[in-house]
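# Tertiary structure, described
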Amino acid sequence: MSVELRSRYLGLELRSPLVASAAPHNAEPDVAERLERAGVGAIVLPSLFEEEIVAEDLGLTRALEQGTEYFAEALDYFPALDSFVTTADRYVAALAKVRASVEVPVIASLNATTVGGWVRYARQLQDAGASALELNLYHVAADPRRSGADLEAADLELIAAVRAVLDIPLAVKLSPYYSSLAAFAAECVRAGANGLVLFNRFYAPDIDPETRDIVPRLALSHSAELRLPLRWMAVLRPQLGPDVSLAASSGIHTGIDALKVLLAGADVAMMTSALLLNGPEHVASVEAELRAWLVEHEYESVAQLRGSVSAANTADPSAYERGNYALTLRSWVTPPELTPGAPKPAGFPVSSRGADG
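What you see is a predicted model, and the numbers here were worked out from it, not measured in a lab. (Residues numbered from 1 in each chain as written. Predicted model: local features only at pLDDT ≥ 70, side-chain atom pairs only at ≥ 80, totals over all residues. Heavy atoms only, no water.)

## With respect to the overall build of the protein chain
Within the protein chain one finds twelve helices and twelve strands. In the protein chain, buried positions account for 45% of the 357 residues. Considering only residue pairs separated by 6 or more positions, the protein chain has 71% of its internal contacts joining residues 24 or more positions apart. Summed over its atoms, the accessible surface of the protein chain is roughly 18900 Å², and 55% of this surface lies on carbon and sulfur atoms. (Helix = DSSP H or I, 4+ residues; strand = E, 2+ residues; numbered from the N terminus. Buried < 20%, exposed > 50% of the residue type's maximum accessible area, 1.4 Å probe, protein only. Contact = heavy atoms within 4.5 Å. Areas by Shrake-Rupley, 256 points an atom, 1.4 Å probe, with all protein chains shown as cover.)

As structure tokens, then:
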């Protein structure tokens, strides 16, 4: 029995709902080719960060002006530069190379800090041939002078500004931390977003106690993290309607993980950590597991099952809201080895202070 995996995302026709989401290696043409051979429906490039561009510009300016406040002849140390290759230039070049090396859609990702930056670089990425653009909204609400309403208004302003200069589809990658996510999601669509990606993972810094330094620590996702996007996918699907694309991100490692988000209403399942851990060829394993389930349950296509377990189609919609909270808490069963006075199974570690220590 053949199964049709073709899906539609941001108006793009994809051969599969499995998408390689933003990761550093996706900008390498050979990796993009391996992802395509493994079966991805689309490839999202890593984000272009405005901070990197600004830091590079400032660094070059400081280098060229070094010593000029002391020696006038320092102005002649370096030849005049009409132009130089920037981080943005390198990103655009990488985008063009990946686009030339694969047939599947290539989606650019942008993370800027100013409205001007969003608009300027969004237009550059479109002109470079991106099939669509993903705005990666990532900031920490740490200023007590700015309310949640202020921050949301600023985000909606930049979505509208970017939409105004683009002809290609626009997706917005959200965090789950807005005060009223359902309302904000609808506002994003009204501001011009063609789709939403749920969710952005915040890579919080760690502290090294010995050096007192703040250090970055990358922790890859695991399947348990899927539950948050799964819930919101099911809630938002009926609210936003079929014309708004929804992508699930964070915690998709297996074919069953992908199946769950499709059942909840996702158009595509995005993977990053699973591919970093297992390589681009892991896509084929995820697809095989997804296909096997569909065949076993006599589905002819992913379109048949998509959204069938969303809040609109489940017998108890409250299960996605507050209703399952108490049931989940009550579902815990204490393992026998942790029951006071119960005999410990073979191999159970015993404390040096005694069996019950």
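## Some thoughts on the pairing of strand S8 (residues 195–198)
The alternating pattern of S8 places Gly 195 and Val 197 on one face and Leu 196 and Leu 198 on the opposite face, and all of these are buried. With four bridges connecting them, strand S7 (residues 170–174) and S8 associate as parallel partners. Bridging from a neighbouring strand, Val 172 pairs with Leu 196 of S8. Between S7 and its parallel partner S8, the chain crosses via helix H6 (residues 181–191), and the hand of that crossover is right-handed. Sheet topology note: the S8/strand S11 (residues 245–248) ladder contains four bridges and is parallel. Paired with Gly 195 across the bridge in S11 is Ser 245. (Pairing = 2+ DSSP bridges. Right-handed = clockwise from strand over helix to strand, strands pointing away.)

## Brief notes about the nonpolar core
Membership of the largest hydrophobic core comes to 67 residues, with the highest contact counts inside it found for Leu 110, Leu 133, Leu 135, Ile 159, Leu 174 and Leu 196. Setting aside its immediate chain neighbours within four residues, Ile 159 contacts Leu 135, Leu 137, Leu 170, Val 172, Cys 188, Ala 191, Gly 192 and Ala 193. (Core = buried A, V, L, I, M, F, W, Y, C linked by side-chain atoms within 4.5 Å.)

## Brief notes about H6
Restricting attention to buried positions, one finds in H6 the residues Leu 181, Phe 184, Ala 185, Cys 188 and Ala 191. One side of H6 holds all its buried residues, which, seen down the axis, span an arc of 120 degrees. In this structure, the buried residues of H6 make contact with helix H5 (148–165), S7, S8 and helix H7 (227–240). (Arc of directions from axis to C-beta.)

## A word on the pattern of salt bridges
One pass over the structure, following the stated rule, counts seven salt bridges. Its salt-bridge partner being Arg 8, residue Glu 13 comes within 2.2 Å of it at the nearest N-O pair. Residue Arg 8 is classed as partly exposed on the basis of its relative accessible area, which comes to 46%. Put simply, Asp 267 and Arg 237 hold a salt bridge, and the shortest N to O gap is 3.2 Å. Taken together, the residues span a long stretch of sequence, with Asp 267 in the loop between helix H8 (255–264) and strand S12 (268–271) and Arg 237 in helix H7 at a distance of 30 residues. For Arg 237, a relative accessible area of 11% corresponds to the buried category. (Salt bridge = Lys/Arg side-chain N within 4 Å of Asp/Glu carboxyl O.)

## Here we look at the side chain of Ser 249
The topology assignment puts Ser 249 in the loop between S11 and H8. Exposure remark for Ser 249: the relative accessible area of 6% places this residue in the buried category.

## A closer look at unusual backbone geometry
Of the consecutive residues Leu 198 and Phe 199, the connecting peptide bond is found in the cis state with omega at 10 degrees. Mapped onto the secondary structure, Phe 199 falls in the loop between S8 and strand S9 (206–208). We note that Arg 212 has phi near 60 degrees; this positive angle belongs to a residue other than glycine. Inspection of the secondary structure puts Arg 212 in the loop between S9 and strand S10 (213–215). Overall, Arg 212 belongs to the exposed group, its relative accessible area being 65%.

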